[in-house]
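Given next are the chains, with one letter for each unit.
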Amino acid sequence: MTVRPAARPTLKTQEVRVDYPIPGGTAAAVRGVSLSVSAQECLGVVGESGSGKTQLFLAVMGLLSSGAQITGSAQFEGEEILGLAPQELNRIRGSKLTMVFQDPMMSLTPHLKIGVQLAEVLVHHRGASWRDAERTALQALDRVRIPDPRRRLQQYPHELSGGMRQRVMIGMSLLCEPSLVIADEPTSALDVTVQAQILDLLRDVRAGTGFSIVLISHDLGVVASLADRVAVMYAGRIVESAPTAELMRDARHPYSALLMQCVSDLRRPRTDRMPFLAGQAPGAAEPERGCAFAPRCPRSTERCTHERPALEDVNATSQVACHYPLR
Amino acid sequence: MSEPLLDVRGLGVDYRGFRALGDVSFEIRAGETLGLVGESGSGKSTLARALLRLIPASRGQILWRGSDLLRCDSATLRRHRRDLQIVFQDPVASLNPRMTVAQALAEPLRVFEPNLREVERRARTARMLERVGFAASMLDRYPHELSGGQCQRVGIARAMMLDPKLLICDEPVSSLDVSIQGQIVNLLVDLQRELGTAMLFISHNLAVVRHLSHRVAVIHEGNLIESADCDALFSTPVHPHTRALLAAVPDPIGRRPTKSAAT
């Protein structure tokens, strides 16, 4: 079960916005997101392409291009990190705060051996000697259950399968005993059996240690299998946030409920039509009028088209932004 | 039973001595959907490409309505090719970024029906566009103006322009959000019902394969290890590897730990 101490959260964002200037206005990728991740908690962040889920956490990591205008606040272990200079940020980025990306081939350097890429993290952040760093790197590969780790250290990324590469990335993200690992679609480029292995691995490495995880995915099924709590994002905002079991059982926002129906579930009987969400979310450049989901929502009324619902508490652990929630 | 549309016998592909595809045999009948499932590297895409002779086969026969595609002359191959179309995994990369939707859809007609009058070509393009659920205003859009799901609908429309007898779909929904995969799957099912197109549907997504396949074949390390009617395969899988594939699908509601059985 999640430990929910009164102590300060590992990550706390307040009203984070990400805007891009475009000809004739701005495109709003993230429209004000406040969330917190407690120590040892796994927060799932779900949304479709363009919902702003990746932009939000790239902003937190300080990885957005200089064209992005970021406002709001993000505190990591009590320290404000939005707007920190890169050299300041690099004290924590890559050591206490790490990120695992979707495509493990793109996030490893193709011309460096796996062992060097792992070791340099420790040499850089910890001032370790190369010899010690390589020993720790070996343990890291062992920890993410890579068979024959000694041989793997001497190999290049292209010699590893996609699943193996993602294990290396996870091992790398854990090298400096982080407080928070942000995993952005870590299994989306992998097939179903490897996906299951990676999710198992994340669950197991987490069980042994105290770090928190943010798991970002478009697939509620993936998120639900690991997260303690889920935040559903739509058009740059959180529209519902609840403990996973509660959300899966009793989704309140019509969007969450529709996303649930789209989750692959082999135990459901075969149906004639496969459920899907018709239409598209409004683009980032479109001005906000009312609820962004209203045009696709089966429950929307006139009110929804001009009055934007605020994210409000339903109980101590859940929030929803909807005028007509399902319950 | 009617004679199969496609009868593949002992098809194999070697890449510099590596057996990507061992010895694969199967049939597809007119109007039938064969689902092909397997992990990355199992040979799924190699099989799709070898069937269309996009890569050379090393052995075996591909009997298309009785004639062997691996041994026919280029004129015959070209004639058959209009009946065999493919939809690729990456919907954006499979469209030419410099062609509008209208141009992309007209391209197959330009190649295979060069004498068609412009008016007729436009009419058929517009009809197909409507068929995949787009308004006529989409005709002048470029791929970068479309979402991934929209691009894939254009890819499907383009493949259907010549009214093919067999449509090969190589992971057509894997790069799309789960929330819109259903739209693409439903579209393929509808097209098949209306036009009687046979399909080879390749995917590692078992829920999708179950949804639209009549029969399912499982490929592992370049060989078919199990093949059965769709319902039978999912209710009583026989091969241990098939069982492992089924067990790996996350179970969101029960929150069953997804302890992976496969290696």
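How each quantity is defined
Residues numbered from 1 in each chain as written. Chains lettered and ligands numbered in written order. Predicted model: local features only at pLDDT ≥ 70, side-chain atom pairs only at ≥ 80, totals over all residues. Helix = DSSP H or I, 4+ residues; strand = E, 2+ residues; numbered from the N terminus. Rg over C-alpha atoms; globule rule 2.2 N^0.38 Å. Buried ≥ 20, exposed ≤ 12 C-beta atoms within 10 Å, placed from the backbone. Core = buried A, V, L, I, M, F, W, Y, C linked by C-beta atoms within 7 Å. Domains from an automatic or database assignment. Contact = placed C-beta atoms within 7 Å. pLDDT = per-residue confidence, 0-100. Axes fitted to C-alpha atoms, helices over the stretch in contact; angles between N-to-C directions. Left-handed = near helix turned anticlockwise from the far one by under 90°. Nonpolar A, V, L, I, M, F, W, Y, C, P; charged D, E, K, R; others polar. Pairing = 2+ DSSP bridges. Arc of directions from axis to C-beta.

Draft legend 1. Representation of the overall build of chain B in the model. Along chain B, the regular secondary structure elements total nine helices and 10 strands. For 263 residues, the compact-globule formula gives about 18 Å, and the C-alpha radius of gyration of chain B, at 19 Å, lands near that figure. Across its three principal directions, the C-alpha atoms of chain B cover 55 × 50 × 40 Å. Burial statistics for chain B: of 263 residues in total, 45% are counted as buried.

Draft legend 2. The nonpolar core, seen in detail. Membership of the largest hydrophobic core comes to 173 residues, with the highest contact counts inside it found for Val214(A) and Val232(A). Each of two domains, domain 1 (1-83 + 165-251) and domain 2 (93-161) of chain B, supplies a minimum of three residues to this core. Those residues in contact with Val232(A) that lie beyond four places of it in its chain are Val46(A), Gly47(A), Ile238(A), Val239(A), Glu240(A), His253(A), Tyr255(A), Ser256(A) and Leu259(A).

Draft legend 3. Spatial organisation of the confidence of the model for chain B. Residue and element names in this part refer to chain B. Counting all residues, the mean pLDDT for chain B is 91, and 94% of those residues have values of 70 or more. Within the model, the stretch residues 255-263 combines pLDDT values under 50 with 22 contacts to residues more than four positions away or in other chains. Across the interfaces of the predicted complex, the ipTM metric reaches 0.83, alongside a pTM of 0.89.

Draft legend 4. Inspection of the environment of Leu141(A) at higher detail. All names here are of chain A. Within the fold, Leu141 resides in helix 5 (residues 130-143). Exposure remark for Leu141: the 24 C-beta atoms within 10 Å place this residue in the buried category. In this structure the C-alpha to C-alpha distance between Leu141 and Ile170, which are 29 residues apart in sequence, comes to 9.2 Å. Apart from residues no more than four positions distant in its own chain, Leu141 is found in contact with Ile146, Pro149, Arg152, Leu153 and Gly171.

Draft legend 5. Here's a closer look at the packing of helix 3 (residues 101-112) of chain B against helix 4 (residues 118-131) of chain B. Residues and elements named next belong to chain B. Viewed as axis vectors pointing N to C, helix 3 and helix 4 meet at an angle of 120 degrees, and their least axial separation amounts to 9 Å. Considering how the two elements wind past one another, helix 3 and helix 4 form a crossing that is right-handed. Counting all contacts with helix 3, which are made through Ala102, Leu105, Ala106 and Leu109, the residues of helix 4 involved are Arg121, Arg124, Thr125, Met128 and Leu129. Each residue belonging to the contact of helix 3 with helix 4 can be placed in one class, and the counts come to six nonpolar, one polar and two charged.

Draft legend 6. Representation of the interface of chain A and chain B within the structure. Taken residue by residue, the interface counts 31 residues in chain A and 33 residues in chain B. Looking at the side of chain A that touches chain B, the elements that each hand over two or more residues are helix 8 (192-208) and helix 9 (220-224) of chain A. The element contributing the most residues to the side of chain A that touches chain B is helix 8 of chain A, with six residues. Residue composition of the side of chain A that touches chain B, grouped by class: 15 nonpolar, nine polar and seven charged.

Draft legend 7. Geometry of the sheet that holds strand 2 (residues 25-37) of chain A. Ordered in space as 2-1-4-5 (chain A), the four strands form an open sheet in which the pairing is antiparallel. At either margin of the open sheet sits one strand with a lone partner, and together these are strand 2 and strand 5 (79-80) of chain A.

Draft legend 8. Highlighting the sheet that holds strand 2 (residues 18-28) of chain B. All names here are of chain B. The four strands lie next to each other as 2-1-4-5, forming an open sheet whose pairing is antiparallel. Every other strand in the sheet has two partners, leaving strand 2 and strand 5 (67-68) as the edge strands with one partner each. Looking at chain direction, strand 1 (residues 6-15) and strand 4 (residues 59-64) are connected through five bridges and run antiparallel. Residue pairing for strand 4: Arg9 is matched across the bridge by Gln61. On the sheet, helix 1 (residues 44-51) packs against strand 1, strand 2 and strand 4 and is oriented at approximately 65 degrees with respect to strand 2.

Draft legend 9. Molecular detail of the pairing of strand 9 (residues 229-234) of chain A. All names here are of chain A. Most of strand 9 is tucked away: six of the six residues are buried. Of the two faces of strand 9, the one lined by Arg229, Ala231 and Met233 and the one lined by Val230, Val232 and Tyr234 are each fully buried. Of the pairings in the sheet, the one linking strand 3 (residues 42-46) to strand 9 comprises four bridges and is parallel in character. Bridge pairing in strand 9 places Gly44 opposite Val230. In terms of strand pairing, strand 9 meets strand 10 (residues 237-243) through six bridges, oriented antiparallel. When the sheet's bridge partners are listed, Arg229 is paired in strand 10 with Pro243.

Draft legend 10. Region of interest: helix 9 (residues 240-247) of chain B. For helix 9 of chain B, every residue scored as buried is listed here: His241(B), Thr242(B), Leu245(B) and Leu246(B). The buried residues of helix 9 of chain B all sit within an arc of 140 degrees when viewed along its axis, so they share a single face. On its buried face, helix 9 of chain B sits against helix 8 of chain A together with strand 3 (33-37), helix 7 (206-212), strand 9 (215-220), strand 10 (223-229) and helix 8 (230-235) of chain B.

Draft legend 11. Region of interest: the domain arrangement of chain B. Residue and element names in this part refer to chain B. When cut into domains, chain B gives domain 1 (1-83 + 165-251) and domain 2 (93-161). Taking the mean C-alpha position of each, domain 1 and domain 2 sit 25 Å from one another. Each partner contributes to the interface: domain 1 provides 11 residues, whereas domain 2 provides nine residues. No other element matches helix 6 (residues 178-195), which puts six residues into the side of domain 1 that touches domain 2. Tallied by class, the residues present in the side of domain 1 that touches domain 2 amount to eight nonpolar, two polar and one charged.

Draft legend 12. Up close: the environment of Gly196(B). All names here are of chain B. Relative to the helices and strands, Gly196 resides in the loop between helix 6 and strand 8 (198-203). Accessibility expressed as a C-beta count within 10 Å gives 12 for Gly196, which makes it exposed. For the pair Gly196 and Ala30, spaced 166 residues apart in sequence, the C-alpha separation works out to 7.1 Å. When sequence neighbours within four positions are dropped, the list of residues in contact with Gly196 reads Ala30 and Gly31.

Draft legend 13. Representation of the environment of Val144(A). Residue and element names in this part refer to chain A. By the secondary structure assignment, Val144 is in the loop between helix 5 and helix 6 (149-153). Classification of Val144 by C-beta neighbours within 10 Å gives buried; the count is 22. Put simply, Val144 and Val168 are 24 residues apart on the chain and 7.4 Å apart in space, counted from C-alpha to C-alpha. Setting aside residues up to four positions removed in sequence, Val144 forms contacts with Arg167, Ile170, Gly171, Leu201 and Val205.

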